[in-house]
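# Structural overview
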Amino acid sequence: RHTRCSRWSRGLGDVYKRQVLDSRPFIEAIIPGEANFVLLRTGQAAELLAFCAEHGVILRGFPSDPLLRGYLRISVGSAQDIDALAAVLDQWEKQP
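What comes next is a walk through the structure. (Residues numbered from 1 in each chain as written. Predicted model: local features only at pLDDT ≥ 70, side-chain atom pairs only at ≥ 80, totals over all residues. Heavy atoms only, no water.)

## Section: the pairing of strand β4 (residues 71–75)
In this sheet, β4 lies alongside strand β2 (residues 37–41) in antiparallel orientation, the contact comprising five bridges. In the sheet register, Leu39 faces β4, and the bridge partner there is Arg73. (Pairing = 2+ DSSP bridges. Helix = DSSP H or I, 4+ residues; strand = E, 2+ residues; numbered from the N terminus.)

Here is the structure:
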C-alpha cells in the first residue's frame, strides 16, 4: 500500500524516519533527497500544508506544478524541528 525508500537524507536517522513518517497512513510515498530534505506524496497535500503552517511547521508545497501537486517537501533540521513535525503530524491524524 505504501512505498517506502530505505535511503534517507543526511541529518535525519532511520529512527526518526520510522517514528515520524513510516507509520503514517496518509503518506503514500517517501522520496529521499540528496540534500537535507525529503518529498512526501499524500492525497491531502494542500490541506496538510495549511495545517502544518497553522501549527508553526513550515513545509513546501507545489500547487502550481501538476507533476508535484500531491507532494510536500520537508527540510530536515534539528531534533527539535523533527519533534515538532512529529507532534503536528500526530495532531493531523487525530482530526475527525
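## Let's talk about the sheet that holds β2
Read across the open sheet, the four strands follow the order β1-β2-β4-β3; overall the sheet is antiparallel. With one partner strand each, in any of the chains shown, β1 (29–32) and β3 (60–61) form the two edges of the open sheet. By the bridge criterion, two bridges tie β3 to β4 in an arrangement that is antiparallel. Across the sheet, the residue bridging to Arg60 is Arg73, located in β4.

## What about the packing of helix α2 (residues 45–54) against helix α3 (residues 79–94)?
Look at α2 against α3: their axes get within 10 Å of each other, and the N-to-C directions meet at 125°. Between α2 and α3, the angle is such that the two are oblique. Along this stretch, α2 crosses α3, giving a crossing that reads as right-handed. Where α2 approaches α3, its residues Glu47, Leu48, Phe51 and Cys52 are matched on the opposing element by Val88, Leu89, Gln91 and Trp92. Here the residues of the contact of α2 with α3 sort into six nonpolar, one polar and one charged. (Axes fitted to C-alpha atoms, helices over the stretch in contact; angles between N-to-C directions. Parallel < 35°, antiparallel > 145°, perpendicular 65-115°, else oblique. Left-handed = near helix turned anticlockwise from the far one by under 90°. Contact = heavy atoms within 4.5 Å. Nonpolar A, V, L, I, M, F, W, Y, C, P; charged D, E, K, R; others polar.)

## Examining α3
Every α-helical turn comprises 3.6 residues, leaving residues that sit three or four positions apart pointing alike. Along its 16 residues, α3 runs 23 Å from first to last C-alpha, staying within 8% of the 22 Å computed at 1.5 Å per residue. Every buried residue belonging to α3 is among Ile82, Leu85, Ala86, Val88, Leu89 and Trp92, and all of these are buried. Here the buried residues of α3 occupy an arc of 170° about the axis, which is enough to place them on one side. In α3, the exposed positions angled more than 90 degrees off the buried face are occupied by Gln80 and Lys94. (Expected span 1.5 Å × (residues − 1). Buried < 20%, exposed > 50% of the residue type's maximum accessible area, 1.4 Å probe, protein only. Arc of directions from axis to C-beta.)

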